[in-house]
Amino acid sequence: MIKGFKDFIMRGNVIDLAVAVVIGGAFTALVNAVVSSIITPIVALFYQENADGVAGPTIYGIYGQAVTFPIGDLISAIISFFAVALVVYFVFVVPMNRWKERQARKAGVTEQEEEKLPTEQEILVQIRDLLEKQRSTPTQ
């Protein structure tokens, strides 16, 4: 029972996932701090914050009420997402894929060459040849 648990933990996926969650959480806090200190003030250069502290274009509704679209928050969220996704990809996914490829090479596992499918042009040539063959054979 203990050996099975050890094999499960050492398989790599659980450890990688745990590291990714911890580092991802810490990196998310860092990215959020950078976005709130740099990106949000840049957005505030173009849009004045309303009474609620929301920066974005203000449009007046049909009843004369001011409606502010918080594009500052949207831009911040998009930048945060892409920054975290890039770091997770380059710090975790790429090295793990390389490690798995090395392990597969050490184990002697090679990818078998997939059977190549004919191209569209080759298929059309085969169809043409079959039609010509059909026309040339006499009907009985």
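Bear in mind that the values here come from a model prediction, so they are computed numbers and not experimental data.

Thresholds applied
- What you see as residue numbers is a count from 1 along each chain, following the sequence as written.
- The predicted nature of this model means local features are confined to residues of pLDDT at least 70 and side-chain atom pairs, given and counted, to a pLDDT of 80 or more, with totals for whole chains, interfaces and linings taken over all residues.
- Heavy atoms throughout the structure, all of them, feed into the side-chain values; hydrogens and water do not.
- Each pair of aromatic rings taken from Phe, Tyr and Trp, with Trp reduced to its six-membered ring, is defined by centres within 6.5 Å and is described as stacked if the planes are under 30 degrees apart, edge-to-face if over 60, and tilted in the remaining cases.
- Three exposure classes are used, based on accessible area relative to the maximum for each residue type with a 1.4 Å probe and protein chains only: buried under 20%, partly exposed in between, and exposed over 50%.
- We define the nonpolar core as a collection of buried residues of types Ala, Val, Leu, Ile, Met, Phe, Trp, Tyr and Cys that are connected through side-chain atoms lying within 4.5 Å of one another.
- By definition in these notes, contact holds between two residues if any of their heavy atoms fall within 4.5 Å.

A. Structural view of the packing of aromatic side chains. Enumeration over the complete set of coordinates arrives at two aromatic pairs. Taken together, a centroid distance of 5.3 Å and an interplanar angle of 70° make the contact between F81 and F82 edge-to-face. A single burial state applies to F81 and to F82, both of which are exposed. Ring geometry for Y89 versus F90: centroids 5.0 Å apart, planes at 80°, classification edge-to-face. Since its relative accessible area comes to 40%, Y89 is described here as partly exposed.

B. Structural detail: the nonpolar core. Formed by V31, V35, I39, V43, A55 and V84, the largest nonpolar core amounts to six residues. Contact partners of V35, with chain neighbours within four places excluded, come to T40, P41, S76, I79 and S80.

As far as function goes, none of this settles anything; it's purely spatial.
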